[in-house]
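Examining the three-dimensional arrangement
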Amino acid sequence: MALKDLSPRQMVQITGAWLDPERERPRLVSLKRCAPLIDDIEEAHEGVLKSHRRQKKADDQLSEIQQKLVATDQIHDRKARGAHAVLTGFADLADDAEDAAIYLEIRDQLFAYGLKFIGASYSDEAGEVKLARDRLTPESKAALRALPTPGGNLLKAVQSWFAAGDELGKLDAQRIHLSAEDRPGAADSPGGQLRARNRWIKVVRSVLQMLELEGADEETARRLLAPLQRETAKAERRRSGGKEETDVEGGAPPDAGEPAINEGAPATGVD
């Protein structure tokens with residue numbers, strides 16, 4: 001039986017039937033060599049469910065963070081470009097050379113290297129905001145406050161740019177933290193999908209070995225093996241259909257194009 005070709009959905013269908021008190025669990029419990037494996041079966045079954053539950057939650061959180069990053073970055077870039085343009089414009093419009101020099105000096109405090117940082121990574125943009133905030137003097141803040149803009153003054157606009165940069169840094173740190181947690185493909189991640197998958201395979205192989213040693217009657221063996229035989233046959237047909245599906249065991253990946261696991265749905269087996 002090609003256990004490595006089974007999808008997570010098929011896995012929980014099989015062990016769900018074995019663990020159901022109304023179906024095959026009593027037969028497993030009645031076999032002295034298989035009964036001690038019930039706890040292992042439950043742990044492996046729950047491991048597959050939990051790994052996919054955690055992954056969906058992480059994916060949802062990452063998607064939400066990414067959307068916030070894009071929206072915040074738009075504010076960051078717009079406010080930075082606007083502040084740079086306004087200071088340049090006031091310097092060009094000033095008839096007093098000293099006033100023009102003040103506007104250009106403030107611009108250079110805020111944008112020491114121009115607008116090159118726009119379009120950089122989120123963390124770089126956040127870092128540039130910290131540097132710009134530190135360079136801005138109290139006198140420059142007072143001058144910015146005196147320059148009118150739609151909806152307020154230029155200091156308010158610069159502070160909006162700073163706030164957006166700070167938020168980019170926080171959101172990007174959250175994104176990196178989530179991305180570093182259990183992800184598909186990280187075979188050594190505790191509780192990861194591949195680890196849960198391989199644990200399930202080992203437990204099921206143990207059940208098959210004990211069932212063979214048990215010498216169970218034909219009806220009991222048929223009932224216990226039927227769900228497994230049916231699902232492995234499906235997996236084999238799927239593999240033969242030309243769909244390449246690989247994991248660390250050489251079989252189907254965690255999701256393999258299967259529908260999401262419905263933890264509340266009853267497992268289907270042979271009745």
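Attention in this report is confined to the structure presented alongside it. Remember, predicted model here, so these are calculated numbers, not experimental data.

1. Quick notes on the overall build of the chain
In terms of regular secondary structure, the chain is built from nine helices and two strands. Seen in sequence order, the chain has helices and strands lined up from the N terminus as α-α-α-α-α-α-β-β-α-α-α. Across the chain, contacts joining residues at least 24 apart in sequence account for 76% of those joining residues at least 6 apart. Here the chain displays about 14,600 Å² of accessible surface, and carbon together with sulfur accounts for 51% of that area.

2. Details of the nonpolar core
Judged by nonpolar contacts, the single largest core of 26 residues is most densely connected at L6, W18, L28, I41 and W200. For this core, the elements supplying multiple residues, two or more each, are α1 (8-19), α3 (38-93), α8 (193-214) and α9 (218-240). Counting residues per element, this core draws most heavily on α8, which supplies six residues.

3. Overview of the pattern of salt bridges
With the rule as written, the count across this model stands at 13 salt bridges. When the shortest N-O distance is used, the salt bridge between R199 and D40 registers 3.3 Å. With R199 in helix α8 and D40 in helix α3, this residue pair connects regions lying 159 residues apart in the sequence. Residue R199 is classed as partly exposed on the basis of its relative accessible area of 34%. The partner of E231 in a salt bridge is K234, with the nearest N and O atoms 3.6 Å apart. Within this pair, E231 and its partner K234 are both found in helix α9, separated by three residues, close to a single helical turn.

4. With respect to the environment of Q66
Along the chain, Q66 turns up in helix α3. Of the residues examined, Q66 reaches a relative accessible area of 33% and is grouped as partly exposed. For Q66 and R175, which are 109 residues apart along the polypeptide, the C-alpha to C-alpha distance reads 7.7 Å. Once residues lying within four places of it in the same chain are set aside, the contact partners of Q66 are Y122 and R175.

5. A look at the packing of aromatic side chains
Tallied over the full model, the rule gives five aromatic pairs. Centre to centre, the rings of F111 and F117 are 6.3 Å apart; their planes meet at 5°, and the pair counts as stacked. Exposure class is identical for F111 and F117. Each is buried. Note on F111 and W161: the rings are 4.9 Å apart at their centroids and 15° apart in plane angle, and the pair reads as stacked. With a gap of 50 residues between them, F111 in the loop between α4 (97-110) and α5 (122-135) and W161 in helix α7 (residues 154-180) connect regions that are remote in the sequence. Of the two residues examined, F111 and W161, each falls in the buried class. An aromatic cluster of at least three residues, connected via ring pairs, comprises F111, F117, W161 and F162.

Cut-off values and rules
Residues numbered from 1 in each chain as written. Predicted model: local features only at pLDDT ≥ 70, side-chain atom pairs only at ≥ 80, totals over all residues. Heavy atoms only, no water. Helix = DSSP H or I, 4+ residues; strand = E, 2+ residues; numbered from the N terminus. Contact = heavy atoms within 4.5 Å. Areas by Shrake-Rupley, 256 points an atom, 1.4 Å probe, with all protein chains shown as cover. Core = buried A, V, L, I, M, F, W, Y, C linked by side-chain atoms within 4.5 Å. Buried < 20%, exposed > 50% of the residue type's maximum accessible area, 1.4 Å probe, protein only. Salt bridge = Lys/Arg side-chain N within 4 Å of Asp/Glu carboxyl O. Phe/Tyr/Trp six-rings, centres within 6.5 Å; stacked < 30°, edge-to-face > 60°.

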